[in-house]
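In case you want the letters, here they are:
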Amino acid sequence: MMKLSTLLLVLCTACLSGCSWINDNYDHCPSGTWIQLTYTYNMLDAEAVTTQVFDASVFVIDDNGQCVGQQNVDSFSLQANQYRIRLPELPEGTYDILVWSGGNDPHLRCQEDGMELVEETQREALGNLFYGRASSVMVNESYQIIPVSLMKDTKRIATTLQLLSGEKELDTADFQLEIEANNRKLDAYNLPSGHVCYYPFLHETARLDSLSVVQSGFHTLRLLTGDGTRMRLKHLPTGSQVFDIPLTDYLVLAGMTDFLHMGEQEYLDREDHFQLLFFLNETQLPERPYACTMLQIRSWIIRLNETELGSHL
């Protein structure tokens, strides 16, 4: 009987000593405060955390706004714990939990006060960046799981330039697309600020049947309604500007035609891939050989002219 009691004591001690707050399986350690990462804030309203989130940086903020705990969790640990992360031992109190995922991208700088693009000019593709926050979490000795819903902050914008009439073929070397925004930095509440210019990480000519088109791809950080973000197209050989449009405003107008049940900001935050098709016409003017006459975003089509675009042309 004594040997059996000793054996049970050894086994229990081994199980307890095997629990850690980063790497061990949550099911064997039902104690402490854990956060549960989820990603359903997308257009399908479907759980996609296991296919899109591959790391996490967790910051614990106290009542004074000071970071009192930080940890980085890799993909293996996330999967092993079913995307649950145990917080470090903390004095009893109320805390905010800030989570970033994708902050190891070389083009980003991850800090406790937010996420920032390293350069003011961004020409490279960005990885998936996610943000989550749980506010006023009461931490004590009791076991609890706090849900943290993630929002995808990286937006892909794909553009196609197509010649509506004329016999010329479009050449990528003749056109420069850019997006000018104020979202270089996202603060601890995911609010953007700071001037940045985005240029395409993809810019190539393609053929669609007999048509020659120019395709471009951008990555930007979070967009806000009314943020003043603009997209411009310049014809390099002449230096003329083909268009200068309020990008975010147009994305919202297009989205609201198909997703009336969403608010404008909710649509911008849930959608992570926008497609724009620009139709160009030859003008026969040497100083300005092209004009943009029509734009399509999703099912929304707008015909552009000098009066509608005014000074933006």
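Everything that follows concerns the structure shown earlier in this document.
Along each chain, residue indices are assigned from 1 in the same order as the chain's sequence is written. It should be noted that, the model being predicted, local features are given only for residues of pLDDT at least 70 and side-chain atom pairs only at 80 or more, the latter also being counted only at that level, while totals for whole chains, interfaces and linings use all residues. No hydrogens and no water enter the side-chain calculation; it runs on all heavy atoms of the structure.

Caption draft 1: Main features of the overall build of the protein chain. By the criteria applied, helices consist of DSSP H or I runs no shorter than four residues and strands consist of E runs no shorter than two, each listed in order from the N terminus. Regarding its fold elements, the protein chain presents 6 helices and 23 strands. Whether a residue is buried, partly exposed or exposed follows from its accessible area with a 1.4 Å probe, protein chains only, as a fraction of its type maximum: under 20%, in between, or over 50%, in that order. Counting over 313 residues, the protein chain shows a buried share of 49%. For the protein chain, restricting intrachain contacts to residue pairs at least 6 apart in sequence, the fraction spanning at least 24 positions comes to 64%. Surface summary for the protein chain: the accessible area is close to 15500 Å², and the carbon and sulfur share equals 52%. Two residues form a contact once any of their heavy atoms are found within 4.5 Å. Areas reported as accessible are Shrake-Rupley estimates using a 1.4 Å probe. Residue values count occlusion only from the protein chains shown.

Caption draft 2: The arrangement of the sheet that holds strand β11 (residues 151–152) in detail. Spatial strand order, β3-β2-β5-β9-β11: 5 strands in an open sheet with antiparallel pairing. At either margin of the open sheet sits one strand with a lone partner, and together these are β3 (67–73) and β11. A pair of strands counts as paired when DSSP detects no fewer than two bridges linking them. Taken together, the 6 bridges between strand β2 (residues 56–61) and β3 define a ladder with antiparallel strand orientation. Following the sheet pairing, S57 is matched in β3 by N72.

Caption draft 3: Inspection of the packing of aromatic side chains at higher detail. Put simply, two rings from Phe, Tyr or Trp (the six-membered ring, in Trp's case) pair if the centres are within 6.5 Å, and we call them stacked under 30 degrees between planes, edge-to-face over 60, tilted for the rest. Summed over the entire model, instances satisfying the criterion amount to 7 aromatic pairs. Here a set of aromatic residues connected by ring pairs shows up, and it is made of F259, Y267 and F274. The side chain of R123 reaches across the aromatic face of Y199, ending 4.2 Å from its centre. Think of it as a cone above the ring: NZ of Lys or CZ of Arg counts as a charge over the ring if it is within 6 Å of the ring centre and within 35 degrees of the ring normal. In this structure, R133 packs its charged tip against the face of Y189, placed 4.1 Å from the ring centre.

Caption draft 4: Molecular detail of the sheet that holds strand β10 (residues 144–149). Spatially, 3 strands are ordered β4-β1-β10 in an open sheet, and the strand pairing comes out mixed. Each edge of the open sheet is held by one strand with a lone partner, namely β4 (84–86) and β10. When strand polarity is set aside, the average angle formed by the axes of neighbouring strands in this sheet is 30°. For strand β1 (residues 33–38) and β4, the ladder comprises 3 bridges, and the chain directions are antiparallel. Within β4, the residue paired with Q36 across the bridge is R84. Only the stretch in contact is used when fitting a helix axis, every axis being a line fitted to C-alpha atoms; angles between N-to-C directions are given from 0 to 180 degrees.

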